[in-house]
4 protein chains.
Amino acid sequence: MVFILKNNINKDKVNQFIYDWEQQGFSTILSVGTEHTAVCLIGNTANIDIDHVVQTCDIVEYGKRITEQYKAVNRNVHSDSTIIPVGDALIGEGTFTVISGPCSVESEEQIIEVAESVKASGAKILRGGAFKPRTSPYAFQGMQADGLKLLKIAREKTGLPIISEIMNQTQIELFEDVDIVQIGARNMQNFDLLKAVGRIKKPVLLKRGLANTIEELLMSAEYIMAGGNSQVILCERGIRTFETMTRNTLDLSAVVLLKQKSHLPVVVDPSHASGIRSLVAPLAKAVLAVGADGLMVETHNNPAKALCDGAQSLDLLEFDALMKDLKKRAVLEEKAI
Amino acid sequence: MVFILKNNINKDKVNQFIYDWEQQGFSTILSVGTEHTAVCLIGNTANIDIDHVVQTCDIVEYGKRITEQYKAVNRNVHSDSTIIPVGDALIGEGTFTVISGPCSVESEEQIIEVAESVKASGAKILRGGAFKPRTSPYAFQGMQADGLKLLKIAREKTGLPIISEIMNQTQIELFEDVDIVQIGARNMQNFDLLKAVGRIKKPVLLKRGLANTIEELLMSAEYIMAGGNSQVILCERGIRTFETMTRNTLDLSAVVLLKQKSHLPVVVDPSHASGIRSLVAPLAKAVLAVGADGLMVETHNNPAKALCDGAQSLDLLEFDALMKDLKKRAVLEEKAI
Amino acid sequence: MVFILKNNINKDKVNQFIYDWEQQGFSTILSVGTEHTAVCLIGNTANIDIDHVVQTCDIVEYGKRITEQYKAVNRNVHSDSTIIPVGDALIGEGTFTVISGPCSVESEEQIIEVAESVKASGAKILRGGAFKPRTSPYAFQGMQADGLKLLKIAREKTGLPIISEIMNQTQIELFEDVDIVQIGARNMQNFDLLKAVGRIKKPVLLKRGLANTIEELLMSAEYIMAGGNSQVILCERGIRTFETMTRNTLDLSAVVLLKQKSHLPVVVDPSHASGIRSLVAPLAKAVLAVGADGLMVETHNNPAKALCDGAQSLDLLEFDALMKDLKKRAVLEEKAI
Amino acid sequence: MVFILKNNINKDKVNQFIYDWEQQGFSTILSVGTEHTAVCLIGNTANIDIDHVVQTCDIVEYGKRITEQYKAVNRNVHSDSTIIPVGDALIGEGTFTVISGPCSVESEEQIIEVAESVKASGAKILRGGAFKPRTSPYAFQGMQADGLKLLKIAREKTGLPIISEIMNQTQIELFEDVDIVQIGARNMQNFDLLKAVGRIKKPVLLKRGLANTIEELLMSAEYIMAGGNSQVILCERGIRTFETMTRNTLDLSAVVLLKQKSHLPVVVDPSHASGIRSLVAPLAKAVLAVGADGLMVETHNNPAKALCDGAQSLDLLEFDALMKDLKKRAVLEEKAI
């Protein structure tokens, strides 16, 4: 159940309102938007008479029942689109933010070359894997903490904020100086990790699990927001289906639905979704057209020699060409890129 | 195995070349493009020495082995994109053809009102279901032959070519005067129907089955082309996955792959893929951006009262707004719409 | 909505009861079981007052609302398990009927050798494909009508009833003398074919489509029963999932659910489900243990040389060993085999 | 690549053999079975001449290339079936071990009542969730450490070894005194957790992820074995498919394939697979018949009031009836239960 409060009301009255509900055993979520302030009740609200509350609490504009299990992420609770500032970028409504970089950080030369190039092409955020989740215990597992150091060097050189994937909650401190913490698809329902990133004050990019529904993605975002961190970016990256010609099946309908049901920004990763280089550019154009707030795309200075996922990485020229194309298209969408 | 022939060669020599292979027990497919002529051999080609053939047959430019089971539909055999003329429309490379109309033909007034409106908005082909495949035997099964008559009346009034779904091979004669014969998703592997439409000289729109792979779709198109009909339009319309928030999961990667692997035109139906009206317009924009050759979208003069699938139909104003938007975007794609 | 009638009531009264409802615009299904007679109404039953009907119609024992769309196949309508006699076999509750034979009929020698052998091992029905649905137009399409003739010769020699797959409704006459007509997985929603076999008086084995839900299978059975043919045997044969190590994923939970929701017999085909010979015997034991009414298993006198699907066929000795094992197990299930 | 060593060879020679390969940059896995000792090489073995090794190393019986990425879990490397002793139970070939207990530990009374009852019925191991992975942050998250304490009290009372689910690698110490550590489906690819349980000396039950292939399950087991822990029990618990009538689709073919490809024991959890109480018993019978080494089944003293997953729990009488039935069947399988 959510109560939308009247504008310009006294903070103490809001706190008293919240306190009263918590005394009755409800959990509450306070959501302060630019236009509305909402208070969401969690608990058994079946017996609450909404009309009675509206009549007796003069700070309440109106109330409504939310049947979805996700509350804090729900657009019904928080109707303004959330916009998350990261460095110079604003991720959310009105912009199309491109995140780019190699699958894995491999060396200082590599990450700096890629960072400078993608920045020149128009990327706003640098990605690079330091800890790599790999199906085989015998495969390259990433440069680990050293990889994070190299990412930070690249940030210093270029000014680009950085994003990298965290593997578990014991690494939270290691990621203190990383601009966006990425939760990978396999960790979308690692609830202890979700709780841990819920306690930090830093943007989190949450990837959809390959067998997870749109609703489960929203519930995982709810874990993070319920912990107190409202800077969550949702990321569609393909789901597992019977089709084997692509690594996964990119679900662009999910982008539209996520933006309808939630106020959080939504970005898309066509590189991991398809696993095929020649599909990345056409899918990226579709991602922009369907209404996503951003794009995450793998680039490499030498895809043929990449230690991981080279087959899906664009080289620097291909990425530059894609960015030129996307910039023309962004005009039509009335989005900054 | 495919042999690309030299340019400007004598027809008799080609026929002799084909005859020689057939005498040895091979089936052949002759593919005449604007730039190349190719002869494809079906059968056990393991022992053929390509170099020997090139050296001894002066009409052969070069030969290559095709490992895919699909031959006639293969872009390796026929590198020019196939363009299929239907009325004023050209379906294929360079255009973005929009097919629109109601899920079911319901009355003369309805089909004429919709036809005139979608034509004014820019649709090039009128769709309308006469025979409806319905999961329940107790559900409305379509107006049947009467539906086809009404479609033809709408064609007469508007000049729009018509497309409608055939249910089985005994209906071939009924569809003689229908401009494009549609094979529905459930019939994608109705091989007797595929053989039957392979014998007619009329465009066939072949929808991907909801549990069928990209390769199986190409093999079903191969059935039609192997029968002698090369006017096949492929249609992606969503596949069945674990996600239940949409009716099906639209697979836009398939569009890119189909156009890479085959020379046939590819259109997309976002209405059936999503089953949700508010998803149709954003997905349609993505369809154009990803590189499809056309769009099939359901419209209705009164979606709330549609006898079938109203929840996914655009009303006439929504369709008009979508077309205006798509026309602006088509400029960027350098496509006629 | 279904009305269960009192026992030993006058037939004329039943007919009058049915007539009255049909006059009001409802369709009806009359289901006569050994213990109960039921009348099922199809149509908008929202406004019917069940209590009023029970009070005013003295032939009605009680009534209940059926929310499922399937009526005739519903165990709520017809609580007795349907048992279908075919030759010496009774397919349904209390027996475990094994259907066996080659994927394709290939020659008189082959089909007779297999038929005699599987009969000796304990199979009750002989299967053999005459018309083969093949993904590739260039693959062996079966011996067609000649295959059916050879099956009948094998029946004459061995006394085993025969089952073979029909491809479309124009073949109905060809199958007049076939004991069970099989609808393949790809045709599960070929509604014209379902209607056609609904008009014949002969058992139909209906295979689940590889992307079809349990509910859709029941709706397809409903098509056949709505046409007047109540001799429907349901067949689980695996569904398409992301797992590629088996051809399909056998869904044994479906067997239990189908028997709970419907009164129709359920058999299972582990050969097509797995596509792997070494899985057939262990899965067959699980099929018996889970409560299915029968088994369909491919056997071949020489699997290595089979023209189709040899990799999943048992040879005659393997089949014999499996039958010996199943017979011991059937004792525990209190089922005749 | 694996080298099978001759019998009764000197340990020093084996160590020297391993040392020599490691000097050349290969990782090795030593697998000592009751009949064979094998040394498996990990690394680029393309240039190794097997014949040369056999001729020059007198301790080598023969060598073979293993193309699968999993080595330590591979039956080609270690042909004897692994049998894992837990309390009085032996999990593996020759037995059918039943693990039972509530989804969640809820109170001392509850867990003791259930433990005593399932022991009397024949269960060999007590399950009980202390940490519960829940989709919603607002749902009951388990009794946490207190739940483990209650499980240990129940163990003391009954003598039954206990199994409970670990959530992340920081909990390793908490589980020191738990007999089997369970990795849940959502954590099957939590590689840090897999590495952590690879370093302990205690049986690990590894559940298949709901979108994970059989091969990925084996690779996750490989992570644990590569860390030095060879006591891994695989658990099939259903995969996510388009079918919605059951919570997941139980994949019994996977049991047969896992036992063919790996030497590890395989158990099955039909409760989580189906999510429906009335399916548990028939599926459990199928699990035994298909050749699994054990069963994990949820029981509750009062399913209607269970805090979690009551709909799929058997009550104590139902569980007792199931065990009586399974004991009769186990005789046929020549398995101790």
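One numbering rule holds for all chains: residues counted from 1, following each sequence as written. Key to labels: chains lettered from A, ligands numbered from 1, both in the order written. In keeping with the predicted nature of the model, local features appear solely for residues at pLDDT of at least 70, side-chain atom pairs appear and are counted solely at 80 or more, and the whole-chain, interface and lining totals rest on all residues.

> Any chance you could break down the interface of chain B and chain A for me, citing the residues and the numbers?
Of the residues lining the interface, 33 residues belong to chain B; the matching set on chain A comes to 33 residues. Numbering of helices and strands runs from the N terminus, with a helix taken as a DSSP run of H or I at least four residues long and a strand as a DSSP run of E at least two residues long. Ranked by residues supplied to the side of chain B that touches chain A, first place goes to helix H9 (residues 277-290) of chain B with nine residues. For this classification, Asp, Glu, Lys and Arg are treated as charged, while Ala, Val, Leu, Ile, Met, Phe, Trp, Tyr, Cys and Pro are nonpolar and the rest, including Gly, are polar. Residue classes in the side of chain B that touches chain A are distributed as 17 nonpolar, 10 polar and six charged. What counts as a contact here is a pair of residues whose C-beta atoms, placed from the backbone, lie within 7 Å.

> Please give an account of the packing of helix H5 (residues 191-198) of chain C against helix H6 (residues 214-226) of chain C that cites residues and values.
Residues and elements named next belong to chain C. At a closest axis distance of 7 Å, the pairing of H5 and H6 adopts a crossing angle of 40°. Between H5 and H6, the angle is such that the two are oblique. When you trace H5 past H6, the crossing you get is right-handed. In contact with Phe191, Leu194, Lys195, Val197 and Gly198 of H5, H6 contributes Ser220, Tyr223, Ile224 and Ala226. Across the contact of H5 with H6, the residue classes tally to six nonpolar, two polar and one charged. Only C-alpha atoms enter the line fits that serve as axes; for helices the fit covers just the stretch in contact. Angles between N-to-C directions range over 0 to 180 degrees. Angle categories are assigned with fixed cut-offs, so that under 35 degrees is roughly parallel, over 145 is roughly antiparallel, 65 to 115 is roughly perpendicular, and the rest are oblique. Handedness of each helix crossing follows the sense of rotation of the near helix against the far helix: counterclockwise by less than a right angle gives left-handed, clockwise gives right-handed.

> How would you explain the interface of chain A and chain D if you had to name every residue and give the values?
Accessible area lost on assembly of the parts is the figure often given for the size of an interface. If you look at the interface, chain A gives 25 residues, while chain D gives 25 residues. Only helix H5 (191-198) and helix H6 (214-226) of chain A provide two or more residues apiece to the side of chain A that touches chain D. Among the elements that line the side of chain A that touches chain D, the one with the most residues is H6 of chain A, at five residues. Within the side of chain A that touches chain D, the residues separate by chemical class into 11 nonpolar, nine polar and five charged.

> Could you give an account of the sheet that holds strand S2 (residues 27-32) of chain A, with specific residues and numbers?
Residues and elements named next belong to chain A. If you trace the four strands from one edge of the open sheet to the other, you get S2-S3-S1-S4, paired in antiparallel fashion. Here the strands that pair on one side only, and so sit at the sheet edges, are S2 and strand S4 (60-64). Put simply, the sheet's adjacent strands are angled 20° from each other on average, direction ignored. A pair of strands is treated as paired once DSSP finds two or more bridges between them. Across four bridges, the pairing between strand S1 (residues 2-5) and strand S3 (residues 37-42) is antiparallel. Residue Ile4 lies in a different strand from S3, and its bridge partner there is Ala38.

> Before we move on, could you go through the sheet that holds strand S3 (residues 37-42) of chain B and cite the residues and values that matter?
All names here are of chain B. Taken together, the four strands give an open sheet; going across it, the order is S2-S3-S1-S4, and neighbouring strands pair in antiparallel fashion. The open sheet is flanked by strand S2 (27-32) and strand S4 (60-64), the only strands paired with a single partner. Neighbour-to-neighbour, the strand axes of this sheet turn through a mean angle of 20°, independent of strand direction. Sheet topology note: the S2/S3 ladder contains six bridges and is antiparallel. Residue pairing in the sheet places Thr28 in a bridge with Leu41 of S3.

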